[in-house]
Amino acid sequence: MLLHTRTWPEVETYLKGSTGMIMPIGSTEQHGPVGLIGTDAICAEVVAQSLGEKLGVMVAPTIAVGMAQHHLGFPGSMALRPSTLLAVICDMVNSLAVQGFDRFFFVNGHGGNIATVKAAFSEIYSESSLRTAGTNRPNVRCTLCNWWNSPKFQEICDREFGDSEGSHATVSEVSLTYHVHPKDGERARKAEMAPGKAPEGPIFDAADYRRRFPDGRIGSDPSLASAKMGKIILDAAIEDLAGEYQEFIATE
Ligand code: NI
């Protein structure tokens, strides 16, 4: 159930039965030679929308640009500063909260967003604690769910990809995008890529990142990616996330 394909009377009716909203958040950044620029946004969106469909929960528009300053050395990458992203999250949550939504389940597709999303939650709670939120806003609850932390998904990754999964332009996320966009996957996978696993190391700024990780990958070998595995991974993650959502929505 997508918020942006509903009418306002339909949203009003939905609110009589549920005050939950799924909030996909990703990133628009390089994902190595064979990974799509929108990988993190595509993954968060398909996971969030599949979850919403399974549970009959409304899904907000995807926050498709995230905190990705370290990827800016590669063409096509876009980044919001932490302060900008924090403001975007607070404004989106507060907009919906004044209408009665009060349970926000963030499905995240990008590790670089985690610190900022959590800071945004603290900012939102601060408004309740300091009583600056206004009387028309309920006490909201937010939670962050990184889709790749699903135990069922992890089990499949360990078994199928082992050490080649890596931490950026991972085999699993590239597989998931190939499942969602098979034609683009077919084209992208033909690009030349140095064989084997990419290097690993710390992340600082954009120039340093490009020096350490010349083709953009970190620790991964996405030549193992396939649309077929993408579908298997998606189904596994959704099963776990459905349980997490149910638990969250029941939180006092
Ligand atoms: Ni990614």
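Residues numbered from 1 in each chain as written. Predicted model: local features only at pLDDT ≥ 70, side-chain atom pairs only at ≥ 80, totals over all residues. Heavy atoms only, no water.

## Focus: the overall build of the protein chain
Then, number 1: Each helix and strand counted, the protein chain has 9 helices and 4 strands in total.
Then, number 2: What you see for the protein chain is a C-alpha radius of gyration of 19 Å, in line with the 18 Å of a compact globule of 252 residues.
Then, number 3: Expressed along its principal axes, the backbone C-alpha trace of the protein chain runs to roughly 60 × 35 × 30 Å.
Then, number 4: Looking at the protein chain residue by residue over its 252 residues, the buried ones come to 49%.
Then, number 5: Long-range pairs, those at least 24 residues apart, make up 76% of the contacts in the protein chain between residues at least 6 apart in sequence. (Helix = DSSP H or I, 4+ residues; strand = E, 2+ residues; numbered from the N terminus. Rg over C-alpha atoms; globule rule 2.2 N^0.38 Å. Buried < 20%, exposed > 50% of the residue type's maximum accessible area, 1.4 Å probe, protein only. Contact = heavy atoms within 4.5 Å.)

## A word on the environment of Arg-159
Then, number 1: Within the secondary structure, Arg-159 sits in helix 5 (residues 151–160).
Then, number 2: Polar side-chain contacts of Arg-159 include one of 3.5 Å to the side chain of Glu-160. (Polar contact = N/O pair within 3.5 Å; in protein donor to acceptor, adjacent residues only side chain to side chain.)

## Regarding the pattern of salt bridges
Then, number 1: Counted according to the given criterion, the structure contains 10 salt bridges.
Then, number 2: The shortest N-O distance in the salt bridge between Glu-239 and Lys-152 comes to 3.8 Å. Residue Glu-239 is found in helix 9 (residues 227–249), and its partner Lys-152 is found in helix 5; the two are separated by 87 residues along the sequence.
Then, number 3: We classify Lys-152 as partly exposed; its relative accessible area is 35%.
Then, number 4: What emerges from the salt-bridge pattern is a single network uniting Lys-152, Glu-239 and Asp-240. (Salt bridge = Lys/Arg side-chain N within 4 Å of Asp/Glu carboxyl O.)

## Thoughts on the coordination of the nickel ion
Then, number 1: Within the protein, the atoms that donate to the nickel ion are His-31 (NE2), Asp-40 (OD) and Glu-173 (OE), at distances of 1.9 to 2.2 Å.
Then, number 2: Donor residues binding the nickel ion come from one chain and are separated in sequence as H-x8-D-x132-E. Highlighted residues: His-31 in the loop between strand 1 (20–25) and helix 2 (39–55) and Glu-173 in helix 6 (residues 171–180), separated in sequence by 142 residues. The same class applies to His-31 as to Glu-173, namely buried. (Donors = N, O, S within 2.8 Å, 3.2 Å for Na, K, Ca; no water.)

## What to know about the environment of Val-88
Then, number 1: Mapped onto the elements, Val-88 comes out in helix 3 (residues 82–97).
Then, number 2: Separated by 21 residues in sequence, Val-88 and Met-67 place their C-alpha atoms 12 Å apart.

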